[in-house]
Amino acid sequence: MTVEERADRSRREQVRFYLLDHRTPLGKTIDVALMALNLVFVGIFVVETYPLSAGTTSLLWTLEVVIGVVFLGEYVLRLYGAEDRVAEATSGYTVVDLLAILPTLAVLVVPVPAVALQIGFLRVLRVIRVLRFYRFTQDAEFFFGTVSDNTLRAMKLFLTVLVLFFVSAGLFYTFEHEPNAGVETFGDAFYYTVVALSTVGFGDIVPVTTGGRWVTVASIVAGIILIPWQASKIVREWAGKDTVDVTCPNCGLSRHDEDASHCKACGEVIYQEYDGDK
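Note that this is a predicted model, so its numbers are computed, not measured.

K.L.:
Whenever I open this one, the overall build of the protein confuses me. Can you help?
P.N.:
In terms of helices and strands, the protein carries nine helices and four strands. The burial tally for the protein puts 35% of its 278 residues in the buried class.

Written as structure tokens, this is what we have:
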């Protein structure tokens, strides 16, 4: 390996380390900065649905572009520092990172206004930028410390509910805000989504477009599937916290009580050791 290759490898390892690190001051700073920028990036999408002055709209667009360029730089650095660049490029987290900034960059790079308007619909995909928050729950180590696996699962469940509400509201707003007088802002769409997914159904806002109806159906189905699936992981963890991972040699049952000497399914002796003082 040449000197240049060793230097390049060292730079890649350093980049990869600080993008994954949660302990050093620089690693913590990068984490906090990316999380703050992501909050602003998502907030811009919400704020732009409300009546704003031309100057405020222009300022928000400039801010969106700046943050999009920062995230593009992060995306490139992740690919540069990855040990396996193909695996990194095709991972779910990285694909979401790219899709979150692609609409902004696509509108930005088209110089002809008419063409920009034609592809402007791509900016509806900005709603998925909220999925970037899942990257921060990739492991149990955060810039403020390490959390338990059960806490991490609870955080993912809470995030799943918020993401489901947010994405559903964003898509519903996109389809309904022009033809539906009851959906003027993102707040109206979010209110409808919470009411619809909680099956309360006040009826003060109803979808008037085919797209709005399908978004509602898809959201309810996703909620029925995703939320119980995430919650079941937490319940299983709580239910098994007083058991140990011992497998019965006869029937194969795993997870037995701490003081079990026989399998509770078939009665086979498993000779599990336990502390008699407990």
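K.L.:
So what exactly am I meant to see when it comes to helix H2 (residues 25-47) here?
P.N.:
An α-helical segment advances 3.6 residues per turn. Residues three or four places apart therefore align on the same side. Between its first and last C-alpha, H2 extends 32 Å over 23 residues, near the 33 Å set by a 1.5 Å rise per residue. Along H2, the positions that sit buried rather than exposed are Gly27, Asp31, Leu34, Asn38, Phe41, Val42, Ile44, Phe45 and Val46.

K.L.:
Would you mind going over empty space enclosed by the protein with me for this structure?
P.N.:
A water-sized probe rolled over the atoms picks out the places where empty space is left. Using the criterion set out here, one finds one cavity of 30 Å³ or more in the structure. Forming the boundary of the largest cavity are Ser168, Phe172, Tyr192, Thr193, Ala196, Leu197, Val215, Thr216 and Ser219. Those elements giving two or more residues to the lining of the largest cavity turn out to be helix H7 (149-176), helix H8 (186-197) and helix H9 (210-239). Looking at which element gives the most residues to the lining of the largest cavity, the answer is H8, with four residues.

K.L.:
How should the packing of H2 against helix H3 (residues 54-81) be read in this particular structure?
P.N.:
The relative placement of two packed helices comes down to the angle between their axes together with the axis-to-axis distance. It is at 10 Å that the axes of H2 and H3 come closest, and there the two elements cross at 140 degrees. The orientation of H2 with respect to H3, classified from their angle, is oblique. Where H2 crosses over H3, the two elements pack in a sense that is left-handed. Taken together, the residues of H3 that come into contact with H2 (itself represented by Leu34, Leu37, Asn38, Val40, Phe41, Ile44 and Val47) are Leu60, Leu63, Glu64, Ile67, Gly68, Val70, Phe71, Glu74 and Arg78.

K.L.:
Please explain a nonpolar patch on the surface as it appears in this structure.
P.N.:
A cluster of nonpolar side chains, namely Trp214, Val217, Ile220, Val221, Ile224, Ile225, Leu226 and Trp229, defines an oily patch on the protein surface of about 800 Å² accessible area. Judged by its relative accessible area of 54%, isoleucine 225 is exposed.

K.L.:
What should I look at first to understand the confidence of the model for the protein in this one?
P.N.:
The predicted coordinates ought not to be read in detail in places where the model reports low pLDDT. On average, the protein scores 77 in pLDDT, and the residues at 70 or more come to 71%. Below a pLDDT of 50 lies the segment residues 114-120, which in the model reaches seven contacts outside its immediate sequence neighbourhood of four places, other chains included.

K.L.:
Help me understand the nonpolar core, please; the structure alone is not making it clear to me.
P.N.:
One broad rule of soluble globular proteins: the nonpolar side chains tend to lie buried together. Residues Phe45, Val130, Phe166, Phe172, Val183, Phe186 and Ala189 are the most contacted members of the largest nonpolar core, which totals 21 residues. Mapped onto this core, the elements with two or more residues apiece are H2, H7 and H8. Here this core takes seven residues from H7, the largest share from any one element. Core analysis: the next-biggest nonpolar cluster, separate from the first, contains eight residues, Leu34, Ile44, Leu60 and Ile101 among them.

K.L.:
What should I look at first to understand the packing of H3 against helix H5 (residues 92-109) in this one?
P.N.:
Where H3 contacts H5, the two axes come as close as 9 Å, and the packing angle between them is 140 degrees. Accordingly, the angle class assigned to the pair H3 and H5 is oblique. The interaxial crossing formed by H3 with H5 has left-handed handedness. Residue-level inspection shows Trp61, Glu64, Val65, Gly68, Phe71, Leu72, Tyr75, Arg78 and Leu79 of H3 in contact with H5, the latter providing Thr94, Asp97, Leu98, Ile101, Thr104, Leu105, Val107 and Leu108. A per-class count over the contact of H3 with H5 returns 11 nonpolar, three polar and three charged.

K.L.:
Would you explain the packing of aromatic side chains in this entry?
P.N.:
What describes a pair of aromatic rings is the distance from one ring centre to the other and the angle between the planes of the rings. Enumeration according to the criterion identifies seven aromatic pairs in this entry. Plain terms: the ring middles of phenylalanine 41 and phenylalanine 71 are 5.3 Å apart, the flat faces sit at 80 degrees to each other, and that makes the pair edge-to-face. Of this pair, phenylalanine 41 sits in helix H2 while phenylalanine 71 sits in helix H3, and the two are 30 residues apart along the sequence. Both residues of the pair, phenylalanine 41 and phenylalanine 71, count as buried.

K.L.:
Explain the environment of arginine 213 here, please?
P.N.:
Note that arginine 213 resides in helix H9. Residues arginine 213 and phenylalanine 172, 41 residues apart in the sequence, show an inter-C-alpha distance of 8.4 Å. Beyond its immediate stretch of four places on either side in the chain, arginine 213 contacts Pro207 and Val208.

K.L.:
Please clarify how the pattern of salt bridges should be interpreted in this entry.
P.N.:
When the charged atoms of two side chains lie near each other, side chains of opposite charge can form a pair. Under the counting rule described, the total for this entry stands at two salt bridges. Two residues, glutamate 83 and arginine 16, come together in a salt bridge whose shortest N-O distance is 3.6 Å. With glutamate 83 in the loop between H3 and helix H4 (85-90) and arginine 16 in helix H1 (residues 3-20), this residue pair connects regions lying 67 residues apart in the sequence. In this structure glutamate 83 comes out as exposed when scored by relative accessible area, which is 68%. Residue glutamate 74 pairs with arginine 78 through a salt bridge whose shortest N-O separation is 2.9 Å. With glutamate 74 and arginine 78 both in helix H3 and four residues apart, this pair spans about one turn of that helix. In terms of burial, glutamate 74 and arginine 78 fall into one category: buried.

Analysis parameters
- Residues numbered from 1 in each chain as written.
- Predicted model: local features only at pLDDT ≥ 70, side-chain atom pairs only at ≥ 80, totals over all residues.
- Heavy atoms only, no water.
- Helix = DSSP H or I, 4+ residues; strand = E, 2+ residues; numbered from the N terminus.
- Buried < 20%, exposed > 50% of the residue type's maximum accessible area, 1.4 Å probe, protein only.
- Expected span 1.5 Å × (residues − 1).
- 1 Å grid on protein atoms, 1.4 Å probe; cavity = no way out; pocket = protein on both sides within 12 Å on 5 of 7 lines; lining within 4 Å.
- Points joined across faces, edges and corners; volume = space filled by probe spheres on them.
- Axes fitted to C-alpha atoms, helices over the stretch in contact; angles between N-to-C directions.
- Parallel < 35°, antiparallel > 145°, perpendicular 65-115°, else oblique.
- Left-handed = near helix turned anticlockwise from the far one by under 90°.
- Contact = heavy atoms within 4.5 Å.
- Patch = residues over 30% accessible without salt bridge, like charges linked within 9 Å, V, L, I, M, F, W, Y side chains within 5 Å.
- Areas by Shrake-Rupley, 256 points an atom, 1.4 Å probe, with all protein chains shown as cover.
- Salt bridge = Lys/Arg side-chain N within 4 Å of Asp/Glu carboxyl O.
- pLDDT = per-residue confidence, 0-100.
- Core = buried A, V, L, I, M, F, W, Y, C linked by side-chain atoms within 4.5 Å.
- Nonpolar A, V, L, I, M, F, W, Y, C, P; charged D, E, K, R; others polar.
- Phe/Tyr/Trp six-rings, centres within 6.5 Å; stacked < 30°, edge-to-face > 60°.

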